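A structural walkthrough
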Amino acid sequence: MLVALSITGCGGNDSRPADLPPLFPCEITITQEGTALSGATISLESSGEAKAVYHPSGITNESGKAVLSTYGFNGVPTGMYKVIVRKTVVEDVKQVVDAYGDLVDDGGVEYRTVESQFSNANATPHEIEITNSRQAVQATFDVGKPVKERK
């Protein structure tokens, strides 16, 4: 009976949206001047005629690679996408006394470390096509020189 309860508990509560299309594996590696860029957020924006409802995304690891997912499920729907890359760092954090007399961080200053063109679907030169292949689409994109632009 315990086995029966655990089986029904796992399969009957799938939170996958009914209109989510089939997803196909996609791995994107991001480099900056040829060096792996870790901690960057990658998102895909549909560049086809029909705009996608779901926006696949992922975060790069220490090797610069991100495995993309859509609505929390691994994979990306088929189509043409613009590749959006963002990365920020926080610097100049100062300790201040808050209204309760506690010493807290002031939040610092946030800086963009990837040129703004790569975070804009209309400006980025990077594009990827996802097909209905079970073999992972793999691509590498470089985002040029590091920048330090205040956000």
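Residues numbered from 1 in each chain as written. Predicted model: local features only at pLDDT ≥ 70, side-chain atom pairs only at ≥ 80, totals over all residues. Heavy atoms only, no water.

**A short note on the sheet that holds strand β12 (residues 109-112)**
Within a beta sheet, neighbouring strands are joined by backbone hydrogen bonds and run either parallel or antiparallel to one another. Within the open sheet, the three strands sit side by side as β9-β12-β15. Their pairing is antiparallel. Two strands lie at the open edges of the sheet, namely β9 (88-91) and β15 (149-150), each paired on one side alone. Pairing geometry for β9 and β12, over four bridges, is antiparallel. Bridge pairing in β12 places Thr88 opposite Arg112. (Pairing = 2+ DSSP bridges. Helix = DSSP H or I, 4+ residues; strand = E, 2+ residues; numbered from the N terminus.)

**Side note on the packing of aromatic side chains**
Going through the model one piece at a time under the given rule, you end up with zero aromatic pairs. Across from the ring centre of Phe73, 5.6 Å away, lies the NZ or CZ of Arg16, which sits over that ring. Lying across the ring of Tyr111, Lys148 places its NZ or CZ 4.7 Å from the centre. (Phe/Tyr/Trp six-rings, centres within 6.5 Å; stacked < 30°, edge-to-face > 60°. Lys NZ or Arg CZ within 6 Å of the ring centre and 35° of its normal.)

**Some words on the confidence of the model for the chain**
Where the model shows low pLDDT, its predicted coordinates should not be examined in detail. For the chain, the average pLDDT comes to 86, and 88% of its residues sit at 70 or higher. Here residues 1-13 is modelled with pLDDT under 50, and outside its nearest four sequence neighbours on either side it reaches zero contacts, counting other chains as well. (pLDDT = per-residue confidence, 0-100. Contact = heavy atoms within 4.5 Å.)

**Some details on the pattern of salt bridges**
Evaluated as defined, the whole model comprises three salt bridges. As a salt-bridge pair, Glu149 and Arg112 come within 3.1 Å of each other at their nearest N and O atoms. Residue Glu149 is found in strand β15, and its partner Arg112 is found in strand β12; the two are separated by 37 residues along the sequence. Judged by relative accessible area, Glu149 falls into the partly exposed class, the value being 31%. (Salt bridge = Lys/Arg side-chain N within 4 Å of Asp/Glu carboxyl O. Buried < 20%, exposed > 50% of the residue type's maximum accessible area, 1.4 Å probe, protein only.)

**Points about the nonpolar core**
Most often, soluble globular proteins have nonpolar side chains that are buried together. Among the nonpolar cores identified, the biggest contains 22 residues, and Ile28 and Ile128 are the most heavily contacted of them. Those elements that provide at least two residues to this core are β1 (26-32), β3 (41-46), β8 (79-86), β13 (127-130) and β14 (137-142). If near-sequence neighbours (up to four positions away) are discounted, Ile128 is found in contact with Cys26, Ile28, Leu44, Gly79, Met80, Tyr81, Val83, Val137, Ala139 and Phe141. (Core = buried A, V, L, I, M, F, W, Y, C linked by side-chain atoms within 4.5 Å.)

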